[in-house]
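Here is what each chain is made of, one letter per residue.
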Amino acid sequence: MRTRLAIKTHALLERFFPERRLFLRSETDTRFIRLKPGTQALASTGSAVIVGWAIIATAIVLMDSIGSGNFREQAIRDQATYQQRLNALSTERDIRAEEALAAQERFNTALAQVSVMQSQLLQSETRRSELEAGIEVIQATLRDTMTQRKDITRKLASIEAQLADGDVQLAQGDHSADGTMDFMAEALERTAIERDQILADAQHALTQADAMASEIRVMEDANDRIFRQLEEAMTVSVKPLDKMFTAAGMDPDRILSQVRKGYSGQGGPLTPLSLSTRGEGPSDDAMRANSILGQMDRLNLYRIAAQKAPFASPLKDSFRFTSGFGYRWGRLHAGTDFAAPHGTPIYSTADGVVIHAGWQSGYGNLVKIQHEFGIETRYAHMSKIRVKKGQRVSRGSRIGDMGNTGRSTGTHLHYEVRVGGNAVNPMTYIKAANDVF
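What counts and what doesn't
- Think of each chain on its own: its residues are numbered from 1, step by step along the sequence as written.
- Totals for whole chains, interfaces and linings use every residue, but because this is a predicted model, local features are given only for residues with pLDDT of at least 70 and side-chain atom pairs only at 80 or more, for both listing and counting.
- The basis for every side-chain value is the complete set of heavy atoms in the structure, and neither hydrogens nor water enter the calculation.
- Counting from the N terminus, the helices are the DSSP runs of H or I reaching at least four residues and the strands are the DSSP runs of E reaching at least two.
- Burial classes follow relative accessibility: with a 1.4 Å probe on protein chains only, a residue under 20% of its type's maximum area counts as buried, one over 50% as exposed, and anything between as partly exposed.
- Here a residue-residue contact requires only that any non-hydrogen atoms of the pair lie within 4.5 Å.
- To be clear on the numbers: accessible area is Shrake-Rupley with a 1.4 Å probe, and residue cover counts the displayed protein chains and nothing else.
- Stacked, edge-to-face and tilted labels apply to pairs of Phe, Tyr and Trp rings (six-membered ring for Trp) whose centres lie within 6.5 Å, assigned for plane angles under 30 degrees, over 60, and everything in between, in that order.
- Look at NZ for Lys and CZ for Arg. If either is within 6 Å of the ring centre and within 35 degrees of the ring normal, a charge sits over the ring.
- Strands were regarded as paired on the criterion that DSSP finds at least two bridges between them.

S.K.: Explain the overall build of the protein to me, and be specific about the residues and the numbers.
M.R.: Each helix and strand in the protein was counted, giving six helices and 14 strands. Sorting the 437 residues of the protein into buried and exposed places 32% on the buried side. For the protein, the share of sequence-separated contacts (at least 6 apart) that also reach a separation of at least 24 residues comes to 67%. About 27700 Å² of surface is accessible on the protein, with carbon and sulfur atoms providing 55% of the total.

S.K.: Could you give an account of the packing of aromatic side chains, with specific residues and numbers?
M.R.: Working definition: an aromatic ring pair is given by the centre-to-centre distance plus the angle between the planes. Throughout the structure, instances matching the rule amount to six aromatic pairs. With a centroid separation of 5.2 Å and an interplanar angle of 50°, the aromatic rings of Phe 321 and Phe 338 are classed as tilted. With Phe 321 in strand E3 (residues 320-323) and Phe 338 in strand E6 (residues 336-339), this pair connects stretches of sequence that are 17 residues apart. Ring pairs connect the aromatic residues Phe 319, Phe 321, Phe 338, Tyr 379 and Tyr 415, which therefore count as one cluster. Against the face of Tyr 347 rests Lys 316, its NZ or CZ located 4.4 Å from the ring centre.

S.K.: Any chance you could break down unusual backbone geometry for me, citing the residues and the numbers?
M.R.: Positive phi, close to 65°, is recorded for Phe 373, a residue that is not glycine. Here Phe 373 shows up in the loop between strand E9 (364-370) and strand E10 (375-385).

S.K.: Please give an account of the pairing of strand E13 (residues 413-419) that cites residues and values.
M.R.: Here E13 lies mainly inside the structure; six of its seven residues are buried. As judged from the three bridges shared by E6 and E13, these two strands associate in the antiparallel manner. Looking across to E13, one finds that Asp 337 is bridged to His 414. As defined by bridge partners, E10 adjoins E13 across six bridges and the pair is classed as antiparallel. Among the inter-strand pairings, Tyr 379 is bridged to a residue of E13, identified as Tyr 415. In terms of strand pairing, E13 meets strand E14 (residues 422-424) through three bridges, oriented antiparallel. Bridging across to E14, Val 419 finds its partner in Asn 422. Here E13 hands over to E14 after two residues, with Gly 420 in that stretch at a positive phi of 65°.

Next comes the structure, spelled out in structure tokens:
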């Protein structure tokens, strides 16, 4: 027996889906199919489900199409923006490279001027010493001349006294005084001539001494001007290097001390000037010259230290930065990535010794170079290695070609700088050198 719920359900279905008959007639026979309310409801429900699914699927497809179009357009816009940014960075890098080249040329010109000024200074000091010696000789000669003048004056007074006595004797009629008078007259004449000559020599010596004193003052002014130019040149040359090492987190005094120890057997610092030969203390000019020589020595040590620290870019061709130093996805990216075409030359950023040249997991083809001051650089994902373990390299030496070996998603160079075994940001060194080299 049907339950009451089934009866109510059937009655409800008959209201909306009354029983229908579908007649099928042929030439010889007529048949019909009875469509019960339940069958009609099931068919209607199935049709509604199919139509609804079609509508929803169509809406999803349309929305996905519209959304993907927007995403593509956004991706295109982002790519265009990114490309513009890369072009701007490339242009800025080229400008910085030109400025660095101009700074290097100015630096070399300053060094040449310093060398010329130093030669002029040494020549001026030598000439000044010669003039001082000449003045001392003139003063000694002048003192001797004045002494001789006093002696001749005393002799002249004695001769005049003798002449006076001779006149008295002549007045008394002593004819033997004629010869004496002639001798005394000749002696008096010679004495007068010698006196005039001594006076002329003394006057000439005084004039020459004044001329030499004027020349010394002119030379002192020239020396002071040269000193000022040298001091300004040293300040302009040394101060940026101080800032460069400080910006890289390196103590300049400690670095220079290490360099000086390493070169203590090859000449050492410049020798201070010592211009006095009488055991006197150094003059003001000598102290200024020694200060300039000290700055030149510091500049030379800076030049040596800069060659041994990675103050350079590993690439000389055009490139773009693809990833910087720092944490990403919870892990430390220990270097900086440079992207460029496959096979782009890679160069050492400082003087050093190759301590690894081969394959290393993750890095692919890897070159490690040990530098001074506990610094190590790494160059990863190379397509070709051009150095061997134990080989000494200089800054700018080609060590390999850019590639895509190891754990890499595209052609690029992974460049690391490690100090005492700890990874540091390579851009710290590259940016620190932008204003100098």
